[in-house]
Amino acid sequence: MTFENTLEFAKKLDASDALAPYRNEFHYPQVNGKDVIYFTGNSLGLQPKRTQKFVDDVMKDWRELAVEGHFYADKPWWDYHERLAEGLGKVVGAKPKEISVMNTLTVNLHLLMVSFYRPTEKRFKIICEEKAFPSDQYMLQSQVRYHGLDPKDAIVEVKKREGEHAWRTEDIIQKINEVGDELALVLMGGVNYYNGQVLDMEAITKAGKGVGAFVGWDLAHGAGNIKLDLHDWGADFAAWCSYKYMNSGPGNASGIFVHEKHLGKDDIPRFEGWWGTKKETRFLMKSEFDPIKSADAWQLSNPPILSIAPYLASLEIFDEVGMDALIEKQKTIVSYLEFVLHEIDKEVDSTFEIITPEARGCQLSVFLHGEGKTIFDYLMKNGVITDWREPNVIRLAPAPLYCSYEDMYRFGQILKEGIQGK
């Protein structure tokens, strides 16, 4: 497609966009009396309008049924979380029994590490990407120390090549093969939070499994954003938050994936709790743990229904749209944003350097050479909600469910005005 940096062309794209009606499904903050241009769905997604009813339904059941809501609500609470399994399976490429929703992301990664980081005297090393999201770094370091090991010895970071902004798949695989028999676990962010790069998860998983290691993925920036096939790739486990591209609300419940080959095993190391036991025997109050033969066995406590209800509301939208349609628009709108940036670059003195490679999802990370944080402040004051990372990177994530092509054009004009007016 040949793009044009004009309002007329942007509106033409919106008129032919099959997902355009879903823009009206979301609430938008306003600045100067207008809906914002929202580029931070990679941090917190907008609120779907239908969320309110899902939460209100739970509040009504709690008010009218109290404890009986566990079994007699329209959506009984004791199996409420199970309603998300099929839809989430479509989002991440998994079987429903491989999915559960519980806790929050780092909590779930810690719980999954109990099962999938089993260091021995010989096989004890973990491979991750350099400068992983800080929470992942802290989690890995604390897990290693818990096992009496030194993070400097046990954690192997794959670095980008000098002068490059993205990882090369061959370098990651080479490092996996180099560590070889000492490798216990590969655990990386499937989509990097800083540069927006989508790693070749299929190839990396295959390489990790090939040397006898477990392989897991942090999909905080992947779930609801990119095409995932966790089951077919053979990943052992994954976890993700729900409040970014999946619009479930601040700090909301996390999803997990555990491959079916690990399900139904009594001897797998695992921290266990009451809600991981089989529903048929749960209320017999037996002293022996009787695990559900699904990823639900990793649950500890009864689900936080008021937290999960917004997730179910948003997942209903994903189910209506389908990941294929969502990704199709994502590719076009991100390409159009990239085009707009290049066009504005020609009209201003500053230089824009997009550090996100072609292997990407919604996000473009852009060096604004010649600009300081004042341009970020200008954007925010003029209704563009974006993200600033030192020293001079802005992250732009046009989520296809609620961002329009006109948003991309208008952003370009505001950015130009901010630079030329400084």
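Each chain carries its own residue numbering, running from 1 in the direction its sequence is written. Per-residue local features are limited, in this predicted model, to residues with pLDDT of at least 70; the limit for side-chain atom pairs, both in listing and counting, is 80 or more; totals at the level of whole chains, interfaces and linings are taken over all residues. As a rule here, side-chain values come from all non-hydrogen atoms in the structure, and water together with hydrogens is ignored.

**What about the environment of Ile126?**
For Ile126, the location among the structural elements is in strand E5 (residues 125-129). Judged by relative accessible area, which is 0%, Ile126 ranks as buried. With 81 residues separating them along the chain, Ile126 and Ala207 place their C-alpha atoms 14 Å apart. Every residue in contact with Ile126, bar those within four places of it in the chain, is listed here: Met113, Tyr117, Leu140, Val144, Ala154, Ile155, Val156, Leu183 and Leu185. Working definition: helices are DSSP H or I runs of at least four residues, strands are E runs of at least two. Numbering for both runs from the N terminus. Only protein chains enter the calculation, and the probe is 1.4 Å; a residue is then buried if its accessible area is under 20% of its type maximum, exposed if over 50%, and partly exposed in between. What makes two residues a contact is simply this: any of their non-hydrogen atoms within 4.5 Å.

**Focus: the side chain of His262**
Structurally, His262 is set in the loop between strand E10 (254-258) and helix H11 (279-282). Judged by relative accessible area, His262 falls into the buried class, the value being 8%. In contact with His262, other than residues within four places in its own chain, are Phe116, Phe214, Asp236, Ile268 and Trp298.

**Regarding the UniProt feature "binding site: pyridoxal 5'-phosphate" (unreviewed entry) in the chain**
UniProt positions are given in the numbering used here, feature names are shortened, and annotations may be inferred rather than shown by experiment. This chain's UniProt record puts "binding site: pyridoxal 5'-phosphate" (unreviewed entry) on Leu105, Thr106, Phe133, Pro134, Ser135, Asp136, Asp218, His221, Tyr243, Trp274 and Asn302. Look at the named residues: they lie 198 residues apart in sequence, and the longest C-alpha span between them is 31.5 Å, so in the fold they stay spread out. In this structure, Thr106 sits in helix H5 (residues 105-116). Under the relative-accessibility criterion, Thr106 is labelled partly exposed at 25%. Here Thr106 is in contact with Ser135 and Met139, once residues within four sequence places are set aside. With respect to the helices and strands, Asp136 occurs in helix H6 (residues 134-146).

**Details of the sheet that holds strand E9 (residues 237-240)**
Read across the sheet, seven strands follow the order E4-E10-E9-E8-E7-E5-E6 without closing on themselves; strand pairing throughout is mixed. Each edge of the open sheet carries a strand with a single partner, namely strand E4 (99-102) and strand E6 (155-158). If you compare each strand with its neighbour and ignore which way they point, the axes differ by 20 degrees on average. The criterion for strand pairing is that DSSP finds at least two bridges linking the strands in question. Relative to E9, strand E8 (residues 214-218) runs parallel, the two being bridged by three bridges. The residue of E9 that forms the bridge with Trp217 is Ala238. Sitting on the sheet, helix H8 (residues 169-179) is in contact with E5, E6 and strand E7 (183-189), with an inclination near 155 degrees to E6. The convention used is that axes are lines fitted to C-alpha atoms, helices contributing only their stretch in contact, and that angles between N-to-C directions extend from 0 to 180 degrees.

**Some points on the pattern of salt bridges**
Should a side-chain nitrogen of Lys or Arg be within 4 Å of a carboxyl oxygen of Asp or Glu, the pair is scored as a salt bridge. Taken as a whole, this structure holds 32 salt bridges when the rule is applied. Note that Arg50 is salt-bridged to Glu320, the shortest N-O span being 2.9 Å. Of the two residues, Arg50 sits in the loop between strand E3 (37-38) and helix H2 (51-65) while Glu320 sits in helix H12 (residues 305-321), which places them 270 residues apart along the sequence. The class for Arg50 is buried, based on a relative accessible area of 16%.

**Digging into the sheet that holds strand E14 (residues 387-389)**
Ordered by their spatial adjacency, four strands build an open sheet running E11-E12-E15-E14, and the pairing between neighbours is antiparallel. This sheet does not close on itself; its edge strands, each paired only once, are strand E11 (351-354) and E14. Taking the axes of each pair of neighbouring strands and ignoring which way they run, one obtains an average angle of 30 degrees across the sheet. Pairing between strand E12 (residues 364-369) and strand E15 (residues 393-396): four bridges, direction antiparallel. Bridged to Leu364 within E15 is Leu396. In the packing of helix H13 (residues 323-345) onto the sheet, contacts are made with E11, E12 and E15, and the angle to E11 comes to roughly 155 degrees.

**Details of the UniProt feature "modified residue: N6-(pyridoxal phosphate)lysine" (unreviewed entry) in the chain**
As recorded in UniProt, the feature "modified residue: N6-(pyridoxal phosphate)lysine" (unreviewed entry) lies at Lys244. Note on placement: Lys244 falls in the loop between E9 and E10. Beyond its immediate sequence surroundings of up to four residues, Lys244 is in contact with Gly41, Asn42, Ser43, Leu44, Gly45, Ala220 and His221.

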